[in-house]
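The primary structure of each chain is shown beneath.
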Amino acid sequence: MHLTSDTRPARTATILRSAKTTLGPFLALIVVIGFFGVYDTWFGGGGQFLSARNFRSVSVATATIAVAALGMTVVIIAGGIDLSAGTTVALSATIVAWCLKANWPAPLAAAAGILIACTAGLINGVLISTLRVVPFIVTLGTMTIYLGIAKIIARETTIRPDLNEQVPRWLADLLSARTEALWFGAPAGIWLTLALSLALAAMLHLTVFGRYVYAIGSNESTARLCGVNVPWCKMTLYTLAGFFVGVAGIFQFARLSSGNPTSGTGLELRIIAAVVIGGGSLSGGRGAVLGTLTGAAIMEVIKSGCTQLGLHNPVQEIILGAIIVAAVTLDQVRQRRSAG
Amino acid sequence: MGLPHAVGEEASRGAGSPPLLSMHGISKRFGATRALKDVSLAVHAGDVLALIGENGAGKSTLMKILSGAHPPDTGRMELAGAAYAPENPHAAHIAGVAMIYQELNLAPDLSVEDNIMLGQECSRWGRLDRTLQRREVARVLDLLGHADLPPEALVGTLPAGTRQVVEIARALVARARVVVFDEPTSSLTQADVLRLFEVIRKLRQSGLGVVYISHFLEEIRAVCNRYTVLRDGEIAGAGDLAGISEADIVALMVGRSVNELFPNVAHQIGDVVLSIEGLGGGRYPQSVNCDLRRGEILGIAGLVGSGRTELLRCLFALDPVRTGTVRLANLTPRASPRARIAAGFGFVSEDRKTEGLAQGRSIADNLTLSRLAPYSRWGWLNLTQRRAAANDWIRRLGIKAGSPDDAVQALSGGNQQKVALARVMHQAADVLLLDEPTRGIDVAAKSEIYRLMGELAAAGKSIMFVSSYAAELLAVCDRVGVMARGRLREVRAACDWTEESIMHCAVKKYDE
C-alpha cells in the first residue's frame, strides 16, 4: 500500500524524463518542418512543401537510411560502431541485382541480399570479439573488403536486371511514390520500416537480450562480471545490424532498379548521423529507435526543404553539418544538467 | 553518554599565538538543505588538523569555502591575521591556501619541473628562466625530503606517491601557508603513505598549517595533532588528539557508540562448501589452498598488490586460471564468470565506478543483470514484475533512492555499494566474494554492511571478505588469512590475530 503511493510520482517523473530525451529530436523535426512549411507557404516558395505528396516522397527517400540506422542504433547502444554499413548496403543491393539477372525468383533474391548482409555483420562481430580490436578499426577494414567483394560480383560495373522481365512489380514499387503503388496511403516499404522499428523497440526494451545490449554499452566490465556472454552478444548484435542493413540494400535496389557496388560509399556517415541526431551516444549505453527514425527524417526534410527553397546542394550540406553538431551539443548540455 | 571535548571547547592552546587560519561561524545553505551551520575552526602554524566526519557531514563544503569555490552565507575567515575572503580558487591559491586532492591535477606528459612551475613559471619577456626555475624546484624538493627526484623526469612515469610530492611542491612554490589534504592516501601504497607522513611532518616544521581529511582513524593518529569532527554540518567536537580514544572519535562522528559500528550477528558454521586446491592465476595468486565453510566469514588481509584481489578474480574466473581446482559443493564449475555464477559464486568488485556497476543504467538494471531469469520467458522480460522485485530489495537493504528507475550514478557511495551487494544477494549466491566492500563509504553505511554480512552468514551463506582495514576484519570475520606476494600465508581464527600480527605477516620476508 505504502509502496505504491510512494513510488507512483517517482515513476511518472521517470517516464516524463525518458519522454523528454526521446522527444527532443522529435521536437527538432517539428521545428524544421514548421520552418520550411511557413517559409514555403508564405514567403514565395513553390507552396509544395507541406503537400501530402512531398511528405510521401520525403519518407520514401528516408527509408533506406532509416532502416540501416535501426541496425546502427543497436550497435551504437552497445558501445560499438559499424563503418562498413554503407558498403554493405551496396553489396546487398548488388547481390539482389545479380540474383535477379540470373533469373532467380525475387523472394529468393531478396533473401540472398539479407543473408549476405547478415554474414557481413557476423564477420564484423566475430572479428571484434575474437581479435579484441576496436570496432572502428575492424569495420574500417571490412568496409573496403565488402566494397571489393561487391565489385567482384558486379565485375566492376552496374548490374541492371530487365525491369519488365526480371524485376516483379512488388519489388520495383517497394518504395515508389506512384499512386498505384500505395497501400493504405504509403508504399509497402514504409510500412515495413515502421513494423521493423516497432519490433526493434520492443526487443530493446522488453527482452533479456535488449538489457544485455544496454549493459554492454554502458559498462562492458560490469556486464562480464554479471555473467553476460559478451562475445556472443556482440556477434549476435552485429549480425542483427547486418539484417537491417540487408533490408536497406533491398530498398536501395528498389529505388535504383540496379545494383551498383559503389552506391553505398559514404552512406555509413549519414547512417551514423541519423543515430547521433536521434540522441545516440558514441560512448555507448544510450540511443532509441524513435530518435533514430527522427534523426533520419530530419536530414531528409532539410534536404527537401532546401530544394524547395531553391538552395543549392553545398548550402544543404553546410546546414546539415551544423545541425549534427548542434544536436550533439544540445544533447551533451542536457546530459550534464541531468547528471549534476 | 559523557563524550569528551564537547562542542565549543576550541583551541585551549598556547596563549598569545594567534591562529594561522581561522574560520568563524561559517554557515551555508544549498536551496533547502543546510550544509553547514555555525562552524568554527582554527589552524595554528605547525598544526596538523584532522577534519573528520562521515560522507555528507559537510567536510567538502567547508573546504570548498576555504578554497574559494563557494562563498559562505554567514561567517568570516582570517588568514595570518588578515581578513580572508577569496573570490575564487585562484585567489585562494595566491593568498596561500593550497588544496591537494585525491585525484591529482598533473600533466602526465610534462616533466617534474614543468609541472611544479606550471602557471607560475619564472620568465623574462616570455622566455623561461630555467636556471632560476631549477633552483626553486630544488629548494622545494629539498624541503620535502625528495631532493633526489630528477626534475626532468616525466610525471606520467612516476609512481602515484611521488606524483603527490610534485603536487605538494607546486603548492610550496606558490608560498602556500595552509595546505589541505583531501583523502590523500586512498591511492597510495603503505610505503608511500609513510613517506607522505614524513612530508607532512616537514611542512609542520617549516611553520605551515595543515588540514588533513581522511576516513582512516589510524592515519589521523599517526600524522595529526588536533582534530575537528563534523556531523550533519555542525561541529560535533574538537580538541587535541592526544586526549581522545578512537572509539570516542567514532562516537562523535556517528553520534552513537562504537559497539554499534560492528554489530555482532550470531551465525552457525557448518560443513565445507568451497575447497580450493593449488589455485594459480597469471602472476598472482600462486598455489592457494583453502577451505570455506557454510555460514563462515573468511577475511583476507594483506597489502595492496599482494594478490588478494587477484585471488577473488581467479575464483570468479574474471582473470585466467592457470592451475589448481576450485570445488563448490563438490562440483568443479567451468572457468567463466557465467559458469561461476551458475555454480553459486557472487562477486562484488572493489571498483564500483569502472567495473562493479553500470553507472548510467538504472538501479533495477544493475540489481537484476546477473539473474534476469525470474522475470523472463522466451527471452521477453516482465518489467512490472522486475520493478516490484527491485523495489523490494531497495526496501530490504534500506537503499536511499527515489525509484528503481533512477540511475545508479545518482546514489551516494554507500548506497551504490548496497546495490552491488543486493545484486549478489538477488542472484542467490552461496559463496560471496567481497573485494573491499566498505571502501570509500561512510561509517553508518559500513556498519550496515557489516550487519548485512552477519545476516548472510546466519542464513548459511559463506563470505570471503578482502579488506585493507585490519580492524574490520578482526571484528567481522570468523577466520582471517593473510596474503603476501601472491600466496595465502597463514589462516587463523580471528581471535588469534592482532592488527600488529597481521601487518607483520603481510610484510615479512618469505623464502619461496
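What to know about helix α8 (residues 208-218) of chain A
And step 1. Across the eleven residues that make up α8 of chain A, a large majority, ten, are buried.
And step 2. Those residues of α8 of chain A not exposed but buried are V208, F209, G210, R211, Y212, V213, Y214, A215, I216 and G217 of chain A.

Notes on the packing of aromatic side chains
Residues and elements named next belong to chain B.
And step 1. Inspection of every chain in the model, using the stated rule, returns ten aromatic pairs over all chains.
And step 2. Centroid distance F197 to Y212: 6.4 Å. Interplanar angle 70°. Geometry classified as edge-to-face. Placement of the pair is F197 in helix α6 (residues 190-205) and Y212 in strand β10 (residues 209-213), with a sequence separation of 15 residues.
And step 3. Ring centres 5.1 Å apart and planes at 35° place the aromatic pair F262 and Y450 in the tilted group. One end of the pair, F262, is in the loop between α8 (246-254) and β13 (272-280); the other, Y450, is in helix α15 (residues 443-458), and 188 residues separate them in sequence.

Some thoughts on the environment of E310 of chain B
Residues and elements named next belong to chain B.
And step 1. Mapping E310 onto the fold places it in helix α9 (residues 308-315).
And step 2. On the basis of relative accessibility, which here comes to 27%, the residue E310 falls in the partly exposed class.
And step 3. Sequence separation of E310 and C505 is 195 residues, and the distance between their C-alpha atoms is 19 Å.

Quick word on the confidence of the model for chain B
Residues and elements named next belong to chain B.
And step 1. Within chain B, residue pLDDT values average 85, and 94% of them lie at 70 or more.
And step 2. Within chain B, the element-level pLDDT minimum falls on strand β7 (residues 123-124), averaging 76, and the maximum on strand β21 (residues 462-466), averaging 94.
And step 3. Considering only residues more than four positions removed or in separate chains, one finds that residues 1-15, a stretch of pLDDT under 50, has 25 contacts.
And step 4. ipTM for the predicted complex: 0.75, alongside a pTM of 0.76.

Quick notes on the sheet that holds strand β16 (residues 323-328) of chain B
All names here are of chain B.
And step 1. Reading across the sheet, the three strands line up as β14-β13-β16 and stay open at both edges, with antiparallel pairing between neighbours. Looking at strand neighbours, the two that pair on one side only are β14 (288-293) and β16, the edges of this open sheet. Across the sheet, the axes of successive neighbouring strands diverge by a mean angle of 10°, strand direction being ignored.
And step 2. Bridge count for β13 against β14 is five bridges, and the pairing is antiparallel. Pairing of S275 across the sheet is with D291, part of β14.
And step 3. α9 contacts β13, β14 and β16 of the sheet and is inclined by roughly 110° relative to β13.

Procedures and definitions
Residues numbered from 1 in each chain as written. Chains lettered and ligands numbered in written order. Predicted model: local features only at pLDDT ≥ 70, side-chain atom pairs only at ≥ 80, totals over all residues. Heavy atoms only, no water. Buried < 20%, exposed > 50% of the residue type's maximum accessible area, 1.4 Å probe, protein only. Helix = DSSP H or I, 4+ residues; strand = E, 2+ residues; numbered from the N terminus. Phe/Tyr/Trp six-rings, centres within 6.5 Å; stacked < 30°, edge-to-face > 60°. pLDDT = per-residue confidence, 0-100. Contact = heavy atoms within 4.5 Å. Pairing = 2+ DSSP bridges. Axes fitted to C-alpha atoms, helices over the stretch in contact; angles between N-to-C directions.

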